[in-house]
Amino acid sequence: MAEIDKKYNIRPFIDPPLSNSDTEKVTLAAIDLSLFKEGDEYREQRKALANQLEKSITTYGFFNLINFGISNEEIEHIRAIAQSVLTLPDEVKLNYLASAATKEQESSRSVGGERGQGFKPKGYWAIKNGVRDSIDHYNFRDTYLDSFTERKNQHPEVVAHYLKDIAKYYNKIQREILPKILRLCDLILEVPEGTIEKNYFPNLGTNSDDSASHGRFMMYHPYANQTKSNKTDSTFLRGHSDISAITFITSQPILALQIKDYFDGGWKYVQHRQNSLIVNIGDAMEFISGGYFKAVLHRVIEPPEDQREFKRLVIIHFCNPSSSADLDPENLKSPKLETLGHTKQDKLKNWEKIKFHHWNYVKGSLLGRSEAGDRNLLQFFGRTIERWHHFQGTSLSD
Ligand SMILES: [Fe+2]
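Moving on, we get to the pairing of strand E10 (residues 246-250). Burial within E10 is extensive, with 5 of its 5 residues counted as buried. Note: E10 against strand E13 (residues 277-281), 5 bridges, orientation antiparallel. Counted as the bridge partner of Thr 250 is Leu 277 from E13. Across 4 bridges, the pairing between E10 and strand E15 (residues 312-319) is antiparallel. The residue bridging Thr 247 from the neighbouring strand is Phe 318, located in E15.

A separate point is the sheet that holds strand E1 (residues 25-26). Here we have 5 strands laid out as an open sheet, ordered E1-E12-E11-E14-E9, and mixed in their pairing. Unpaired on one side and paired on the other, E1 and strand E9 (235-240) mark the two borders of the sheet. Where E1 lies against strand E12 (residues 267-270), 2 bridges are found, and the strand directions are parallel. Within the sheet, the bridge partner assigned to Lys 25 lies in E12 and is Tyr 269.

The backbone of Ala 212 shows a phi angle near 60 degrees, a positive value even though the residue is not glycine. Looking at the secondary structure, you find Ala 212 in the loop between helix H8 (195-200) and strand E8 (214-220). The backbone phi angle of Lys 333 is positive, close to 50 degrees, even though this residue is not glycine. Checked against the element boundaries, Lys 333 lands in the loop between E15 and helix H11 (335-340).

It is worth spelling out the environment of Gln 271 at this point. Tracing the chain through its elements places Gln 271 in the loop between E12 and E13. Residues Gln 271 and Leu 255 lie 16 residues apart in sequence; the distance between their C-alpha atoms is 6.9 Å. The contact partners of Gln 271, leaving out residues within four places of it in the chain, are Lys 25, Val 26 and Thr 27.

A few words on the environment of Leu 340. Along the chain, the position of Leu 340 falls in helix H11. For the pair formed by Leu 340 and Tyr 292, sequence separation is 48 residues and the distance between their alpha carbons is 8.6 Å.

Judged by which residues are buried, strand E11 (residues 257-260) turns out to be covered on both faces: Leu 257 and Ile 259 on one side and Gln 258 and Lys 260 on the other are all buried. Pairing between E11 and strand E14 (residues 298-301): 3 bridges, direction antiparallel. Note that in E14 the partner of Leu 257 across the bridge is Val 300. As paired strands, E11 and E12 are joined by 3 bridges and run antiparallel to one another. Of the residues in E12, the one forming a bridge with Gln 258 is Tyr 269. Remark: 6 residues form the turn of the hairpin made by E11 and E12, two consecutive strands paired antiparallel; Gly 265 in that turn has positive phi of roughly 75 degrees.

Ranked by size, the top nonpolar core spans 87 residues in total, and within it Phe 62, Ile 246 and Ala 284 carry the most contacts. Among the elements that make up this core, the one with the highest residue count is helix H7 (residues 163-188) (13 residues). Aside from chain neighbours lying at most four places away, what touches Phe 62 is Leu 28, Ser 56, Ile 259, Val 270, Ile 278, Val 279, Asn 280 and Val 296. Membership of the second largest hydrophobic core comes to 5 residues, among which are Tyr 124, Trp 125, Ala 126 and Ile 127.

Looking now at helix H2 (residues 43-57). The end-to-end C-alpha separation of H2 is 20 Å, in line with the 21 Å expected for 15 residues at 1.5 Å each. Every buried residue of H2 is listed here: Arg 46, Leu 49, Ala 50, Leu 53, Ser 56 and Ile 57. Take H2 and look down its axis: the buried residues cluster within an arc of 110 degrees, on one side only. Projecting away from the buried face of H2 at angles above 90 degrees are the exposed residues Glu 44, Ala 48, Asn 51 and Lys 55. Buried positions along H2 lie against strand E2 (30-32), strand E3 (62-66), H7 and E13.

This next bit is on the packing of H2 against H7. To describe two helices that pack against each other, one gives the angle between their axes and the distance between the axes. Contact geometry of H2 with H7 gives a least axis separation of 9 Å together with a crossing angle of 85 degrees. As far as their axial angle goes, H7 and H2 are roughly perpendicular. Two secondary-structure elements touch here, H2 through Arg 46, Lys 47, Leu 49, Ala 50, Leu 53 and Glu 54 and H7 through Leu 184, Leu 187 and Ile 188. For the contact of H2 with H7, the per-class residue count stands at 6 nonpolar, no polar and 3 charged.

Calculation rules
- Starting afresh in each chain, residues are numbered from 1 along the sequence in its written order.
- Selection of residues for local features in this predicted model requires a pLDDT of at least 70, selection of side-chain atom pairs for listing and counting requires 80 or more, and totals for whole chains, interfaces and linings are taken over all residues.
- Counts of 20 or more other C-beta atoms within 10 Å of a residue's own C-beta define buried residues, counts of 12 or fewer define exposed ones, and intermediate counts define partly exposed ones; C-beta atoms are placed from the backbone.
- The way it works is that DSSP assigns letters per residue, a run of H or I at least four long becomes a helix, a run of E at least two long becomes a strand, and they are numbered from the N terminus.
- Note on pairing: two strands pair once DSSP finds at least 2 bridges between them.
- C-beta atoms are first placed from the backbone for all residues, and any pair lying within 7 Å is then listed as a contact.
- As used throughout, a nonpolar core is a set of buried Ala, Val, Leu, Ile, Met, Phe, Trp, Tyr and Cys residues joined through C-beta atoms within 7 Å of each other.
- Here, expected helix span is obtained from the residue count minus one, scaled by 1.5 Å.
- The arc in question is the one spanned by the directions pointing from the helix axis to the C-beta atoms.
- Lines fitted to C-alpha atoms define the axes here, with helix axes fitted over just the stretch in contact, and angles between the N-to-C directions of these axes take values from 0 to 180 degrees.
- Here the word oblique covers every angle except those under 35 degrees (roughly parallel), over 145 (roughly antiparallel) and from 65 to 115 (roughly perpendicular).
- The residue classification treats Ala, Val, Leu, Ile, Met, Phe, Trp, Tyr, Cys and Pro as nonpolar and Asp, Glu, Lys and Arg as charged. All others, Gly included, are polar.

Now the structure itself:
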């Protein structure tokens, strides 16, 4: 093991210390998943957890998950692998570009360079005023299928070597953690536990999963100089909401992720919580809950001065519903949503009937549209959104 680790230069990713900055931060609620216990006798305990979750996901749309069944060692192992993958030489990266990270494929605007399997090299996106992005990422598709670990030739050698570990990490989220969160959502919506999974995630945990859920290793490099930082208004990744149902991100100490504060509309840094995941509601879950759960705008900004020189590494899992899932709450028959008016007769009057793949395609195809401003309000399928990656453009040549 030690020898193989040496071969692939697998070593711990070292985070910097916490920032001393007194900039305003949001401390997310900590949902302790070890309190989620099976059986009728624990229903009240699950209900209490659901009440806590409800306060977070109907406002900030973000929360911290703690004691979620993946050890710190496992996460550090995945981060160490990610570090080796994302620091491979450019000539290796160019052999494994994400599906649309080439100019020809980009024009089709199907699965963007942001989402296909493989590398999105640093500098692929134009952020602002001629400055290119400073982010490396590597995407994994179909981590939940048995065949994932067999397709070694699709990846660089180091990824191929660790495919089983990578699959194990993502499958724990997809098959063990996600179903529990969905059941807490059932309790919030006052429907029998299992209702959301049955109706919107029918193949979860099976080899017929068609959700297009995907994983991502992501490394933010500091901007090379102050001019670049100034030209982008210190932005690394502009405001957006996720297409997913629920997104899981490893928490780390660099202050960079900001969310739009539900209560005052300001951008606030998310405070790091040791050994936690940052979890957020995406568009799909907002729609499934009829707009009751919030897919909140978030962005990545340059860290405070004392953390500005460090690389920031995160491991992400975007969990989606089934491609054919209806993106509205009708199948739920939720008494809670009836009472609150999140219904076809009331707040959802203009909503067209759509399935997840419609939304995934339409919003995905807008990734990188150049005419997007800081606050684009758009109407799609009767839903108003201001929530998509708005870069100035994706062309490799500009
Ligand atoms: Fe996001």
